[in-house]
Amino acid sequence: MNTDNRVLGRVGARELSEQEVDAVQGAFIVRHTTTLCFIDKKQQLVSGDQSIGECGP
Amino acid sequence: MKLIVLAPEDDNHTAPIKWALEKAGHRVVCWAGLSWTENGQASLIMKEDDTLLLGGHSVDPGDVVWIRRPELPEHNPKVSEADKKFASLEYRSFYHSIAYILETLPVWVINRYSAARVMIQKAVQLRLARQCGLKTPATLMSNHPATVREFFARENSRTICKGFTPHVWQKEGQMSVAITETFELTRDQLPNDEVLTYAPAIYQERVPKEYDVRMVLMGNQIYSYALRNAKQALDWRQDAGLGHVTAELVPTPPDVEKGVLEFARRSGLCFGSLDFGVDAKGQWWYLEINEQGQFLWIDQFNRDARLLEKFCAFVTQPQGSTVPVEARQDLFPSLLEYEELLKNEQVAPVGRPRQEDPFLSLEA
């Protein structure tokens, strides 16, 4: 990744390959009120959190 | 009494909880949030007895309202382009009126919107946690380069960096993504000053943690689970998504329990998911609370947790009850049973996002 003009958060972000995304999540859902909701092929309900927030309702 | 869930019916926590409560004979209705569609419409009729209608459901005395994860207010797309901004702001304002007035009605709101709005702020959380006797790491929130550099000049300490909000970058036309995550940053790795102004960030003393704890607060009861992953990653969340963590019930130290319950009392939150880091000395460091954090995944990592049943018992008990939810958790079916039905397509699958996501960016 070219880090020119990128925010620190992007520079330190964790990269997930297409295979990882596919293998782990099956469906990669990011709801407006959450950070990440992983619902994988085993229907795991793992998620980062953060509800509401200023961007939320 | 009925439970009103402010979330789409197919939200990944709403769906199994609604199913479990209904199976036990309780009434559950969902309102996905304020929108122009028939189901999304709402009315607040204010006279002697104020009446709030959410979709086709009235909010009645004795109801429990779980503000889980409603959709963003959505105006009618047919509105004139010239009026869209106004319509959007009006929808947002009306939603706020609904969310705030709920806590003035004779219903139990989980959590009160005013408390949730304040406590979502990481700075407020940290300060209150410290005031309640919880151990918190030294923290700087800043976009001022000189102050950031000064923070990194602390002797014998390591520093992590994290954002105020989560974000995902998806490469255009690809499935690969980059996800914000807590990461360690050294003084030598600090970029030039201008980059530090691109976005404010949270810089925090790195807790020398042996393992993480995810704690679930339900009223005056708390359940703590030690999360361990072989990689000892700074941020366990994505590893949990990869199935690389274990979740083991651990006793909460009495001083931590006391601090958390005081935190709950003072913040006004009755439900939430808290994160702690535990160091080699066994000290629990408060990291954050997500008042509508995900919790059912713990049932998948530890079938004895039974958080689905506990939550069902929690929301169907009288507000402020001190009776342990364990006394009633057997009234409800398990997440495992729900998962079996899901696997056999005997219940509807959880949903996909419907709206554009402000936490998702596309990049080249």
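Described in the following lines is the structure provided in the data block. A quick note: this is a predicted structure, and the numbers were derived from the prediction, not measured.

**Side note on unusual backbone geometry**
All names here are of chain B. Looking along the chain, the bond that leaves Ile 110 and enters Asn 111 is cis, with omega of -10°. If you trace the backbone, Asn 111 turns up in the loop between strand S7 (108–110) and helix H3 (113–119). Positive phi is not limited to glycine here, since Asn 156 has a value of about 45°. A positive phi angle, near 55°, is found at Arg 306, a position not held by glycine. Relative to the assigned elements, Arg 306 resides in the loop between helix H9 (297–301) and helix H10 (307–315). Since its relative accessible area comes to 25%, Arg 306 is described here as partly exposed.

**Re the packing of helix H1 (residues 14–23) of chain B against H10(B)**
Helices that pack against each other are described as a pair by the angle of their axes relative to one another and the distance between those axes. All names here are of chain B. Between H1 and H10, whose axes approach to 10 Å, the crossing angle comes to 65°. Judged by the sense of rotation from one axis to the other, the crossing of H1 with H10 is right-handed. Only Leu 308, Phe 311, Cys 312 and Val 315 of H10 make contact with H1, whose side of the interface consists of Pro 16, Ile 17, Ala 20 and Leu 21. For the contact of H1 with H10, the residue count by class is eight nonpolar, no polar and no charged.

**A few points about the sheet that holds strand S2 (residues 27–31) of chain B**
All names here are of chain B. The four strands lie next to each other as S2-S1-S6-S7, forming an open sheet whose pairing is parallel. Of all strands in the sheet, those bounded by a partner on one side alone are S2 and S7. Pairs of neighbouring strands in the sheet enclose a mean axial angle of 20°, with direction left out of account. Relative to S2, strand S1 (residues 2–6) runs parallel, the two sharing five bridges. When the bridges of S2 are listed, Ile 4 appears paired with Val 29.

What counts and how
- Residues numbered from 1 in each chain as written.
- Chains lettered and ligands numbered in written order.
- Predicted model: local features only at pLDDT ≥ 70, side-chain atom pairs only at ≥ 80, totals over all residues.
- Heavy atoms only, no water.
- Helix = DSSP H or I, 4+ residues; strand = E, 2+ residues; numbered from the N terminus.
- Buried < 20%, exposed > 50% of the residue type's maximum accessible area, 1.4 Å probe, protein only.
- Axes fitted to C-alpha atoms, helices over the stretch in contact; angles between N-to-C directions.
- Left-handed = near helix turned anticlockwise from the far one by under 90°.
- Contact = heavy atoms within 4.5 Å.
- Nonpolar A, V, L, I, M, F, W, Y, C, P; charged D, E, K, R; others polar.
- Pairing = 2+ DSSP bridges.

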